[in-house]
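Residue-level structure breakdown
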Amino acid sequence: YGTLPGLACSAAQLRCLIRYQKTPAFRWCLLTGVFGMLAVLFKQNYLIFSIAVGLYFFWEAIRRKKFQPLAAIAAMLLLIPLGTSMAEKALYLGTKITPGGGKPTSSWIALGMQDIDAAEGWIGQQEAYRVVRLYTDQGKEVADEYCRDSIKDRLGEFMSDPGMALRFYARKTTSQWNMPT
């Protein structure tokens, strides 16, 4: 539900980056962090924009031999977790429910790298059930370790056969773009 507001904040973040390129002022560095934080609050997927902007600022620091671009990275590294923790506190104050439950984040990556009959990269019910059972029976840390091991194994397969990895992700992307869910 935060797709459009998050995208708008990411676009504003990129706009601030462009403004920084024209006028390298500290306010543009700070605003990239602020809009990055807001984008991630709306939808965590928009962290990819902040990573890209951070890489750009890192490159700028090396290229220009100045510390100001590093301030933008510092702003993002401080503001994004700060915004997330403030949102969690506000949620707790309003509902008295502590956020943070559910499957480990690594499970979404691991499950998205699996081959199943339906299509590449779709989440198979059997593997998803295994992760949920691990989480329920043994805790989030055990489920996270299982998922991280699954990711390492799958990356090993991809590294040993890059053509297979390319075909897997090409079919995954094609099938997901063709499924309007």
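Our structure is the block above this text.
Attention in this report is confined to the structure presented alongside it. (Residues numbered from 1 in each chain as written. Predicted model: local features only at pLDDT ≥ 70, side-chain atom pairs only at ≥ 80, totals over all residues. Heavy atoms only, no water.)

Scanning the protein chain from N- to C-terminus turns up eight helices and zero strands. Listing each helix as α and each strand as β along the protein chain from the N terminus yields α-α-α-α-α-α-α-α. A principal-axis box enclosing the C-alpha atoms of the protein chain has dimensions of 55 × 50 × 30 Å. The long-range share in the protein chain, meaning contacts at least 24 apart out of those at least 6 apart in sequence, stands at 62%. (Helix = DSSP H or I, 4+ residues; strand = E, 2+ residues; numbered from the N terminus. Contact = heavy atoms within 4.5 Å.)

Applying the stated criterion across every chain, the model contains four salt bridges. Of the charged contacts in the structure, one is a salt bridge between arginine 64 and glutamate 60, with a shortest N-O distance of 2.6 Å. Placement of the pair is arginine 64 and glutamate 60 together in helix 3 (residues 47–64), with a separation of four residues, close to one helical turn. Arginine 64 gets classed as partly exposed once you look at its relative accessible area, which sits at 29%. (Salt bridge = Lys/Arg side-chain N within 4 Å of Asp/Glu carboxyl O. Buried < 20%, exposed > 50% of the residue type's maximum accessible area, 1.4 Å probe, protein only.)

This part takes up the environment of isoleucine 80. Among the secondary structure elements, isoleucine 80 is positioned in helix 4 (residues 68–95). For isoleucine 80 and leucine 38, which are 42 residues apart along the polypeptide, the C-alpha to C-alpha distance reads 7.8 Å. Isoleucine 80 has contacts with Gly36, Met37, Val40, Leu47 and Ser50, leaving out every residue within four places of it along the chain.

On to helix 1 (residues 3–22), then. Under the 1.5 Å per step criterion, the end-to-end length of helix 1 is 29 Å for 20 residues, consistent within 8% with the ideal 28 Å. Of all the positions in helix 1, only Gly6, Cys9, Ser10, Gln13, Cys16, Leu17 and Tyr20 are classed as buried. All buried residues of helix 1 lie within an arc of 110 degrees about the axis, which places them on one face of the element. Exposed and facing more than 90 degrees away from the buried side of helix 1 are Leu4 and Lys22. (Expected span 1.5 Å × (residues − 1). Arc of directions from axis to C-beta.)

Moving on to a nonpolar patch on the surface. Taken together, the side chains of Phe58, Trp59, Ile62, Phe67 and Leu70 define a hydrophobic patch exposed on the protein surface, amounting to about 570 Å² of accessible area. The dominant element in the nonpolar patch, judged by the number of residues it contributes, is helix 3, at three residues. Tracing the chain through its elements places tryptophan 59 in helix 3. (Patch = residues over 30% accessible without salt bridge, like charges linked within 9 Å, V, L, I, M, F, W, Y side chains within 5 Å. Areas by Shrake-Rupley, 256 points an atom, 1.4 Å probe, with all protein chains shown as cover.)

Looking now at the environment of phenylalanine 26. Looking at the secondary structure, you find phenylalanine 26 in helix 2 (residues 26–42). Sequence-wise, phenylalanine 26 and leucine 4 are 22 residues apart; in three dimensions their C-alpha atoms are separated by 27 Å. Discounting residues that sit within four places of it in the chain, phenylalanine 26 has contacts with Gln68 and Ala71.

In short, geometric facts, not functional conclusions.
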